[in-house]
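Coordinate analysis (summary)
Each chain is listed here by its residues.
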Amino acid sequence: MSEYPLPQYLDQVDSTHTHIKQQLLDGNYTEQAVWAKEQTAGRGRLGRTWLSPQGGLYISLCTTLSDCPPTWFGFAMGLAAQRVLSEYAPRITLKWPNDLLAQSAENAEEQKLGGILAELVSGITPEPYAIIGLGANINTQITLTDTTNAIPPTSLYELTHSEHPVQAIAEAITREAFREFTRLKNTGMPLSERRDLLLQKWESVSSTIGKHVRVHAHGQPVQGKVLGLTEDFALRLETVHQGIQIVQAGDCFHLRVQH
Ligand code: BTN
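Residues numbered from 1 in each chain as written. Predicted model: local features only at pLDDT ≥ 70, side-chain atom pairs only at ≥ 80, totals over all residues. Heavy atoms only, no water.

1. With respect to the pairing of strand S9 (residues 222-229)
- Here strand S8 (residues 212-216) pairs with S9 via 4 bridges, running antiparallel. For His 212, the partnering residue across the bridge sits in S9 and is Lys 225.
- Between S8 and S9, which follow one another and run antiparallel, lie 5 residues.
- In this sheet, strand S10 (residues 235-238) lies alongside S9 in antiparallel orientation, the contact comprising 4 bridges. (Pairing = 2+ DSSP bridges. Helix = DSSP H or I, 4+ residues; strand = E, 2+ residues; numbered from the N terminus.)

2. Some remarks on the packing of aromatic side chains
- Per the stated rule, a full pass over the model turns up 7 aromatic pairs.
- Taking the centre distance of 4.6 Å and the plane angle of 35 degrees together, the rings of Phe 75 and Phe 233 count as tilted. Of the two residues, Phe 75 sits in helix H2 (residues 71-85) while Phe 233 sits in the loop between S9 and S10, which places them 158 residues apart along the sequence. (Phe/Tyr/Trp six-rings, centres within 6.5 Å; stacked < 30°, edge-to-face > 60°.)

3. Structural notes on the site of the ligand
- Around the ligand, the surrounding shell holds 20 residues, and the nearest of these are Ser 15, Gln 39, Arg 43, Arg 45 and Lys 112.
- One nitrogen or oxygen atom from the main chain of Arg 43 is found 2.7 Å from a nitrogen atom belonging to the ligand.
- Arg 45 places a polar main-chain atom, nitrogen or oxygen, 2.7 Å from an oxygen atom of the ligand.
- The protein chains hide 98% of the 410 Å² of surface that the ligand would expose on its own.
- Among the secondary structure elements, those contributing two or more residues to the shell around the ligand are helix H1 (16-25), strand S3 (56-64), strand S6 (110-121) and strand S7 (129-137).
- When residues of the shell around the ligand are assigned to their parent elements, the largest contribution, 4 residues, is made by S6.
- Residues that form the shell around the ligand fall into these classes: 6 nonpolar, 10 polar and 4 charged. (Near = heavy atom within 4 Å. Polar contact = N/O pair within 3.5 Å; in protein donor to acceptor, adjacent residues only side chain to side chain. Areas by Shrake-Rupley, 256 points an atom, 1.4 Å probe, with all protein chains shown as cover. Nonpolar A, V, L, I, M, F, W, Y, C, P; charged D, E, K, R; others polar.)

4. Regarding H1
- All of the buried residues along H1 are Thr 16, His 17, His 19, Ile 20 and Leu 24. Looking straight down H1, one finds its buried side chains confined to an arc of 165 degrees; they lie on one side.
- The inward-facing, buried residues of H1 contact strand S1 (8-13), strand S2 (32-39), S3, S6 and S7.
- For H1, the N-terminal capping position is held by Ser 15, with its side-chain oxygen 3.1 Å away from the main-chain nitrogen of His 17.
- Looking at the residues trailing H1, positive phi occurs at Gly 27, about 95 degrees. (Buried < 20%, exposed > 50% of the residue type's maximum accessible area, 1.4 Å probe, protein only. Arc of directions from axis to C-beta. Contact = heavy atoms within 4.5 Å.)

5. Here we look at the sheet that holds S9
- In space, the 5 strands of this open sheet follow the order S11-S10-S9-S8-S12, with antiparallel pairing throughout. Two strands in the sheet have a free side with no partner beyond their single neighbour: strand S11 (244-247) and strand S12 (251-254). The average angle at which neighbouring strand axes cross in this sheet is 45 degrees, direction not considered. (Axes fitted to C-alpha atoms, helices over the stretch in contact; angles between N-to-C directions.)

6. Some thoughts on unusual backbone geometry
- Following Trp 96, the chain continues to Pro 97 via a peptide bond in cis, the omega torsion being -5 degrees.
- Checked against the element boundaries, Pro 97 lands in the loop between strand S4 (92-95) and strand S5 (99-103).
- One non-glycine residue, His 161, adopts positive backbone phi at about 60 degrees.
- Structurally, the position occupied by His 161 is in the loop between helix H3 (156-160) and helix H4 (166-184).
- The exposure class assigned to His 161 is exposed, which follows from its relative accessible area of 66%.

Right, here's the structure in full:
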């Protein structure tokens, strides 16, 4: 038997994220995972809707934090998903802060394969929990809508021209994610070492590092070359007119033209 919880399967749910949160509100204080064949009210980052038709992968996990900042678990989920999905298609990378990208061929444009949503639940449970959700396009046929301001979407099906086992992928990502969470929460190792390991692993599979990017945060967009991540997983940018800038959050776009 696996030492980690297997994801509970639901045919249809409003949102796996909302479902897990409700479990915690109902007093089910355990680490748990759920995956659904489709969502009717999937939630994306920054209050967006996450379209969730059948054929996609929709999972959410929750974990206690130990001594870790909650954001670390979103990055750890990215690692788990990148690792597992790379068994099905080549050139899958992570884009800061929480996207899975794929390239259909060498030098081809990057496309969005999935995204991660991380949320903190505290004050209403005996101890805080992080809920981390992953949505990924697996056997989804992509119908292109207006993508003027967004990264064009893709799916494993579009990339490989074949269907893939969503349940096996859901189980493998859940196992990998809980494994990463356990490593993060291992207080036998100093917190700074656990953080550095996570940073190192994340940067090694990220396509954001070294790229020229534009980040839309609250105020003006910031543009520059990504030097790396800071200790709290913010972007460290070298800009043309404003020197080194640190960007904590926002929508990040990889620029095609590299200055
Ligand atoms: C993004 O905006 O890129 C993140 C999308 C995260 C979607 C997933 S699907 C499973 C989980 N349940 C939700 O309602 N949202 C997350």
